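# Commentary on secondary and tertiary structure
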Amino acid sequence: MDSKVDPPDEAQGLRLVRAFLSLPPDKRAEVIAFVEDLVRAHTRPNDGQEISPP
């Protein structure tokens, strides 16, 4: 396996963090809002229960 073709998860994670930190603050806020929406969509409660705010 060629490490340049399939980088370890840690290296990929560091690249993502560096890319995120290089964004201007307004774009970072957009990314955070997008991820929060994804999390909400994938953690919807069962049986019609509502999620209470933290």
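These numbers come from a predicted model, not from an experiment.

Procedures and definitions
- Residues numbered from 1 in each chain as written.
- Predicted model: local features only at pLDDT ≥ 70, side-chain atom pairs only at ≥ 80, totals over all residues.
- Heavy atoms only, no water.
- Helix = DSSP H or I, 4+ residues; strand = E, 2+ residues; numbered from the N terminus.
- Buried < 20%, exposed > 50% of the residue type's maximum accessible area, 1.4 Å probe, protein only.
- Areas by Shrake-Rupley, 256 points an atom, 1.4 Å probe, with all protein chains shown as cover.
- Salt bridge = Lys/Arg side-chain N within 4 Å of Asp/Glu carboxyl O.
- Phe/Tyr/Trp six-rings, centres within 6.5 Å; stacked < 30°, edge-to-face > 60°.
- Lys NZ or Arg CZ within 6 Å of the ring centre and 35° of its normal.
- Patch = residues over 30% accessible without salt bridge, like charges linked within 9 Å, V, L, I, M, F, W, Y side chains within 5 Å.

## Let's talk about the overall build of the protein chain
Within the protein chain one finds two helices and zero strands. Looking at the protein chain residue by residue over its 54 residues, the buried ones come to 0%. Accessible surface computed for the protein chain: about 5,300 Å², of which carbon and sulfur atoms make up 58%.

## Some remarks on the pattern of salt bridges
Applying the stated criterion to the full structure yields two salt bridges. Taking the shortest distance from any N to any O, the salt bridge between Lys27 and Glu30 comes out at 3.8 Å. Placement of the pair is Lys27 and Glu30 together in helix α2 (residues 25–42), with a separation of three residues, close to one helical turn. On the basis of relative accessible area, Lys27 is assigned to the partly exposed category, the value being 39%. Exposure remark for Glu30: the relative accessible area of 48% places this residue in the partly exposed category.

## Things to note about the packing of aromatic side chains
What the rule picks out here adds up to zero aromatic pairs. Over the aromatic face of Phe20 sits the side chain of Arg28, whose NZ or CZ is 6.0 Å from the ring centroid.

## Remarks on a nonpolar patch on the surface
A contiguous nonpolar surface patch, about 420 Å² in accessible area, is contributed by Val31, Phe34, Val35, Leu38 and Val39. When you line up the elements, Phe34 lands in helix α2. For Phe34, a relative accessible area of 52% corresponds to the exposed category.

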